[in-house]
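# Descriptive structure summary
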Amino acid sequence: MMKTILNLGLKLFLVCLVAAIGLGFTYMLVEKSIAEQDLKRRAEAAEVVLAPIGAQPQEDPELTASMQGDYPDLIGVFEGLDAEGNTIGYAFVLKSKGYNFITMAVGVDMNGQVTGIDVVTNEETPGLGAPAAENPEFLGQFNGKGPAPLTLDEDIDGVTSATYTSRGITNGVNMALEMWKYVQENP
Amino acid sequence: MEKERTLWGEFSKGFITTNPLLVLMVGLCSALAISTKVENCIFMGLAVIFVLTCSNVIISLIRNFIPDQIRIPIYIVVIASFVTIVDLTLKTMPAVYDRLGVWIPLIVVNCIILARAEGYAYNAKVSHACMDGLGIGLGYTAILLIMSTFRELLGTGKIVMFNTTIISLGTKDMPVIFILFPGAFITFALLSALLQWYQDRKKPRVKEG
């Protein structure tokens, strides 16, 4: 009896050991590439939303880390620098909940007004929410609005058949405006 | 008396006679969910072919080493390892990964793979298990591609792959239902009926009464 248990345990252990070694090895190979890809996409989105005010994004990992306690949906903060290196805006990359998660970048200038929105990824329903999250007419409405929080169907016209997605994007922008206020108050 | 197994036979049966989706009807949830875009299906198909073939081969290789009582946990470890490898590799291609999202890790519990491990690879030669994996995997991919072509074209009016429009019907007024879940069921039912009809035609008819 004891012998069978040991035998089974040993064999299971061996299989798991081989699997673990193989996985550890794969992870070592791709780890760096995954981190690079993540950063690249965030930076690209930040560049898109800061382009209207001609700012170059620069990620601020310290600021990001200090804000993530208060704003758990924040993924990264970028400072928008002009040619002389002055901060003329911020880009916030964050997650917002529509019907599913939407990862988006929101650019905010020093007056607290939205400079642009870029949806990085959305897991919205294909055919309903997903096209809305990429609808330039809908997203364009946010430009120049703020710093007061925006209300859907008052400041912003939602997209028919995509109520949750419209709500998710509006909430995401409001989150970014709140984060902008936080950055202003805690320099 | 069972027919002798040939490599080609083991490979080709996955397309029609034991097609995992249309005949065995396993692994349906991911197939119905993912078939909204042709591009997604290509990557999902490749992932399933890889995991299925590798796990079939490994399980067939170690089938004499595995004690009967713990074969299921061992299948799971083997399958989960390959799925994690695919998952990590796809993460380096974020554009694809975001859209396949949760369905890649869920290949672990895709019934096709566990069913082939338990029902086939555990009792088969390595070469046969390998061909079975490739065949079933390709059968799965083929159906995914047919379904997604149908659904994407009818639901959105065009097929977009890698940011280029390949086919366009030139209109946006298409029945969105095809890209939503009811459309998945309708498409699947039609395909399944078609295959059934095709197979019935080949059988000799039995006169009734």
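Refer to the structure presented above.
So, here's what we can say about the structure. Because the structure is a prediction, the values reported are computed rather than measured.

## Quick notes on the nonpolar core
In this structure, B:Val51, B:Ile79, B:Phe82 and B:Leu144 are the most contacted members of the largest nonpolar core, which totals 42 residues. Residue assignment for this core shows that the elements contributing at least two residues are helix 2 (28-34), helix 3 (38-61), helix 4 (71-91), helix 6 (111-119), helix 7 (126-156) and helix 8 (181-202) of chain B. Aside from chain neighbours lying at most four places away, what touches B:Ile79 is B:Val51, B:Ser55, B:Val108, B:Ile113, B:Leu114 and B:Ala117. The next biggest cluster of nonpolar side chains, apart from the first, holds 36 residues, and it includes A:Ala46, A:Ala105, A:Val108 and A:Leu139.

## Notes on the interface of chain B and chain A
Between chain B and chain A, the contact holds 23 residues from the first and 20 residues from the second. Broken down by element, the side of chain B that touches chain A gets its largest block of residues, 10 residues, from helix 4 of chain B. Broken down by class, the residue content of the side of chain B that touches chain A amounts to 13 nonpolar, 8 polar and 2 charged.

## Considering the packing of helix 1 (residues 2-50) of chain A against helix 4 of chain B
Describing two packed helices takes the angle between their axes plus the distance from one axis to the other. Running from N to C, helix 1 of chain A and helix 4 of chain B point in directions that differ by 5°, and their axes come no closer than 9 Å. Relative to helix 4 of chain B, the element helix 1 of chain A lies roughly parallel. Contact residues: A:Leu12, A:Val15, A:Cys16, A:Ala19, A:Gly22, A:Leu23, A:Thr26, A:Tyr27, A:Val30 and A:Ile34 in helix 1 of chain A; B:Pro73, B:Ile74, B:Val77, B:Val78, B:Ser81, B:Thr84, B:Ile85, B:Leu88, B:Thr89 and B:Lys91 in helix 4 of chain B. Split by residue class, the contact of helix 1 of chain A with helix 4 of chain B holds 14 nonpolar, 5 polar and 1 charged.

## Brief notes about the sheet that holds strand 2 (residues 74-81) of chain A
All names here are of chain A. Spatially, 1-2-3-4-5 is the arrangement adopted by the 5 strands of the open sheet, whose pairing is antiparallel. The open sheet has two free edges, formed respectively by strand 1 (56-59) and strand 5 (114-122), since each of these has just one partner strand. Sheet twist, expressed as the mean angle between neighbouring strand axes with direction ignored, is 25°. Inspection of the sheet shows strand 3 (residues 87-97) paired to strand 4 (residues 101-109) by 9 bridges, in the antiparallel sense. Directly across from Ala 91, in strand 4, lies its bridge partner Gly 107. Strands strand 2, strand 3, strand 4 and strand 5 of the sheet are contacted by helix 5 (residues 163-185), whose axis makes an angle of about 140° with strand 3.

The rules behind each value
- Residues numbered from 1 in each chain as written.
- Chains lettered and ligands numbered in written order.
- Predicted model: local features only at pLDDT ≥ 70, side-chain atom pairs only at ≥ 80, totals over all residues.
- Core = buried A, V, L, I, M, F, W, Y, C linked by C-beta atoms within 7 Å.
- Buried ≥ 20, exposed ≤ 12 C-beta atoms within 10 Å, placed from the backbone.
- Helix = DSSP H or I, 4+ residues; strand = E, 2+ residues; numbered from the N terminus.
- Contact = placed C-beta atoms within 7 Å.
- Nonpolar A, V, L, I, M, F, W, Y, C, P; charged D, E, K, R; others polar.
- Axes fitted to C-alpha atoms, helices over the stretch in contact; angles between N-to-C directions.
- Parallel < 35°, antiparallel > 145°, perpendicular 65-115°, else oblique.
- Pairing = 2+ DSSP bridges.

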